[in-house]
Amino acid sequence: MITEIATLTIDPARAADFEAAVAAAAPHFKSAEGCHGMSLEKVLETPGVYNLRVLWETVDHHMVTFRGSDNFQQWRALAGPFFTEAPKVVHGETVGQYF
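So, here is what we can say about the structure in this document. (Residues numbered from 1 in each chain as written. Predicted model: local features only at pLDDT ≥ 70, side-chain atom pairs only at ≥ 80, totals over all residues. Heavy atoms only, no water.)

1. A word on the overall build of the chain
Here's step 1: Helix and strand counts for the chain stand at three helices and four strands.
Here's step 2: Going from the N terminus to the C terminus, the chain shows its helices and strands as β-α-β-β-α-α-β.
Here's step 3: Taken over C-alpha atoms, the radius of gyration comes to 13 Å for the chain, in line with the 13 Å a tight globule of 99 residues would show.
Here's step 4: Seen through its C-alpha atoms, the chain measures out along the principal axes to roughly 35 × 35 × 20 Å.
Here's step 5: Nonlocal contacts in the chain, meaning residues at least 24 apart in sequence, comprise 67% of its contacts between residues at least 6 apart.
Here's step 6: When the accessible surface of the chain is totalled, it reaches about 6,000 Å², and 54% of it is carbon and sulfur. (Helix = DSSP H or I, 4+ residues; strand = E, 2+ residues; numbered from the N terminus. Rg over C-alpha atoms; globule rule 2.2 N^0.38 Å. Contact = heavy atoms within 4.5 Å. Areas by Shrake-Rupley, 256 points an atom, 1.4 Å probe, with all protein chains shown as cover.)

Set out below in structure tokens:
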């Protein structure tokens, strides 16, 4: 399982609307091939910064299948207008889970 971590920066004054837009986009992730979960975390130390965490079977499920789909276009239409800078995306793989 691969974890996509996308750091998203928005205008803090628009936080409630952004969070609602991400919630509205959840079905587009849920129906995406290879997607196994999605969550949004607010960074407490930096207003307006969020981490979107998405579980994918493979990196290709994210970078090829999802990014080339209508689901991705719908996600960007809902959340993209809030971004004040380009999202920063990394992928991780769990190598140990200790508790």
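2. Observations concerning the pairing of strand β1 (residues 2–9)
Here's step 1: The element β1 is largely enclosed, with a buried count of six among its eight residues.
Here's step 2: Here β1 runs beside strand β3 (residues 49–56); their pairing, made up of eight bridges, is antiparallel. Bridging from a neighbouring strand, Ile2 pairs with Trp56 of β3.
Here's step 3: In terms of strand pairing, β1 meets strand β4 (residues 88–93) through six bridges, oriented antiparallel. Residue pairing across strands places Ala6 opposite Val89, the latter belonging to β4. (Buried < 20%, exposed > 50% of the residue type's maximum accessible area, 1.4 Å probe, protein only. Pairing = 2+ DSSP bridges.)

3. Details of the pattern of salt bridges
Think of it this way: side chains of opposite charge can pair up when their charged atoms draw near.
Here's step 1: One pass over the structure, following the stated rule, counts two salt bridges.
Here's step 2: Between Arg53 and Glu41 there is a salt bridge whose closest N-O contact spans 3.6 Å. Here the residue Arg53 occupies a position in strand β3, and Glu41 occupies one in strand β2 (residues 35–42), the gap between them amounting to twelve residues.
Here's step 3: For Arg53, a relative accessible area of 30% gives the class partly exposed.
Here's step 4: As a salt-bridge pair, Lys88 and Glu85 come within 2.4 Å of each other at their nearest N and O atoms. (Salt bridge = Lys/Arg side-chain N within 4 Å of Asp/Glu carboxyl O.)

4. Things to note about the packing of aromatic side chains
Here's step 1: Within this structure, the stated rule accounts for eight aromatic pairs.
Here's step 2: Aromatic pair Phe18 and Phe82: ring centres 5.8 Å apart, planes at 65 degrees, arrangement edge-to-face. Here the residue Phe18 occupies a position in helix α1 (residues 15–30), and Phe82 occupies one in the loop between α3 (70–79) and β4, the gap between them amounting to 64 residues.
Here's step 3: Classification of Phe18 as buried rests on a relative accessible area of 0%.
Here's step 4: Under the relative-accessibility criterion, Phe82 is labelled buried at 10%.
Here's step 5: Ring pairing ties together the aromatic residues Phe18, Phe29, Tyr50, Trp56, Phe66, Phe72, Trp75, Phe82 and Phe83, which thus form one cluster. (Phe/Tyr/Trp six-rings, centres within 6.5 Å; stacked < 30°, edge-to-face > 60°.)

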